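# Descriptive structure summary
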Amino acid sequence: MSDQRVGDEKKKPDGTGHANSQEGAQELTANLPAAPGTSPDPVVVGERHGMFGATQGGDTSGYGGLQAPILFPGASTRPYGGYYDEIADHLERALVGGTASWAEAVERVTIDRGEMTVFVRRQHLVVVARTLRDDPSLRFEICTGVSGVHYLAETGRELHAVYHFLSITHGSRRVRVEVTCPDSDPHIPSIVAVYPATDWHERETWDMFGIQFDGHPALTRILMPDDWPGHPQRKDYPLGGIPVEYKGATIAPPDQRRAYT
């Protein structure tokens, strides 16, 4: 921005140069990138209706008319604060000269609710996981868990796998790694070869969400019976009408349940 433009913005109709200065500053910064160390506005990915997502009747909570946006945190900008900058710097340096650079492997970084999340492209997950484990400046020795999330509104990125890493060497530092894949191609590389303890975690994520972890030594169901159809924690899984095994009962679909209106 030129000095001339700034000077012009400071000239107000009343000649004082002070009136409406706040509005002028907002106009100047409205379309600028987020300042270092701050996070941009959340990204709206959809809208939630009702308290529990039920849309076909049977809502007895009184919140059937509730509408709320579904927000994801925007990409954070450096400096992130705390030890998060060190993790990013060390990971970026460690990936130099490997099969994928930081720019190729990492989509974005978010700092939200006191957690650092590194979004990694799925084809580079194993390389990033091995780097987090083996690089002396990182040394995330433990993967404490793998979980899944299903976002129907994220077209082409509906399924998410979330990994939680812990570094004992560096004072219990923590970092989350998130990987996405589409419903039409639900494949993510397995990291069991790097973190053997993720064996059962990946099986559970496959069981509940249908994410296929390529290279897993035995990707079979772990909670549901082997012949169970579908994956119960997906958002498009039916809320009723599914036979309850061992009891011979069924739970009616929402639109057939009794409504208290």
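Rules and cut-offs
- Residues numbered from 1 in each chain as written.
- Predicted model: local features only at pLDDT ≥ 70, side-chain atom pairs only at ≥ 80, totals over all residues.
- Heavy atoms only, no water.
- Core = buried A, V, L, I, M, F, W, Y, C linked by side-chain atoms within 4.5 Å.
- Buried < 20%, exposed > 50% of the residue type's maximum accessible area, 1.4 Å probe, protein only.
- Helix = DSSP H or I, 4+ residues; strand = E, 2+ residues; numbered from the N terminus.
- Polar contact = N/O pair within 3.5 Å; in protein donor to acceptor, adjacent residues only side chain to side chain.
- Contact = heavy atoms within 4.5 Å.
- Salt bridge = Lys/Arg side-chain N within 4 Å of Asp/Glu carboxyl O.
- Pairing = 2+ DSSP bridges.
- Axes fitted to C-alpha atoms, helices over the stretch in contact; angles between N-to-C directions.

### Concerning the nonpolar core
Core analysis: the biggest nonpolar cluster contains 39 residues, and M116, L132, Y163, F165, I188 and Y195 have the highest contact counts within it. With five residues, helix α3 (residues 84-95) is the single largest residue contributor to this core.

### Topic: the side chain of E178
Relative to the assigned elements, E178 resides in strand β7 (residues 173-181). What makes E178 buried here is its relative accessible area of 8%. Reaching out from E178, the side chain makes a polar contact with the side chain of H160 at a distance of 2.6 Å. If sequence neighbours within four positions are ignored, E178 has contacts with T117, V118, F119, V120, H160, A161 and V162.

### What about the pattern of salt bridges?
Under the defined criterion, the tally for this structure stands at 14 salt bridges. Residues D134 and R133 are paired through a salt bridge, measuring 2.6 Å at the closest nitrogen-oxygen approach. One salt bridge in this structure joins D183 and R234, with 3.1 Å as the shortest N-O distance. Of this pair, D183 sits in the loop between β7 and β8 (187-189) while R234 sits in the loop between β9 (212-214) and β10 (243-244); the two residues are 51 residues apart in sequence, bridging distant segments of the chain.

### Here's the deal with helix α6 (residues 199-209)
Every buried residue belonging to α6 is among E202, R203, T205, W206, D207, M208 and F209, and all of these are buried. Lining the buried residues of α6 we find β5 (142-150), β6 (159-167) and β9. Two residues or fewer after α6 comes G210, characterised by a positive phi angle close to 85°.

### With respect to the sheet that holds β5
Across the sheet, which stays open at both edges, the five strands sit in the order β3-β4-β7-β6-β5 with mixed pairing between neighbours. Two strands in the sheet have a free side with no partner beyond their single neighbour: β3 (106-112) and β5. Ignoring strand direction, the axes of neighbouring strands in this sheet form an average angle of 20°. Bridge analysis of β6 against β7 gives nine bridges, and the strand direction is antiparallel. Its bridge partner lying in β7, A161 is registered against V179. Seen against the sheet, helix α5 (residues 125-134) touches β4 (115-120), β6 and β7 and runs at an angle of roughly 175° to β7. Packed onto the sheet, α6 meets β5 and β6 and runs at close to 5° relative to β5.

In short, geometric facts, not functional conclusions.
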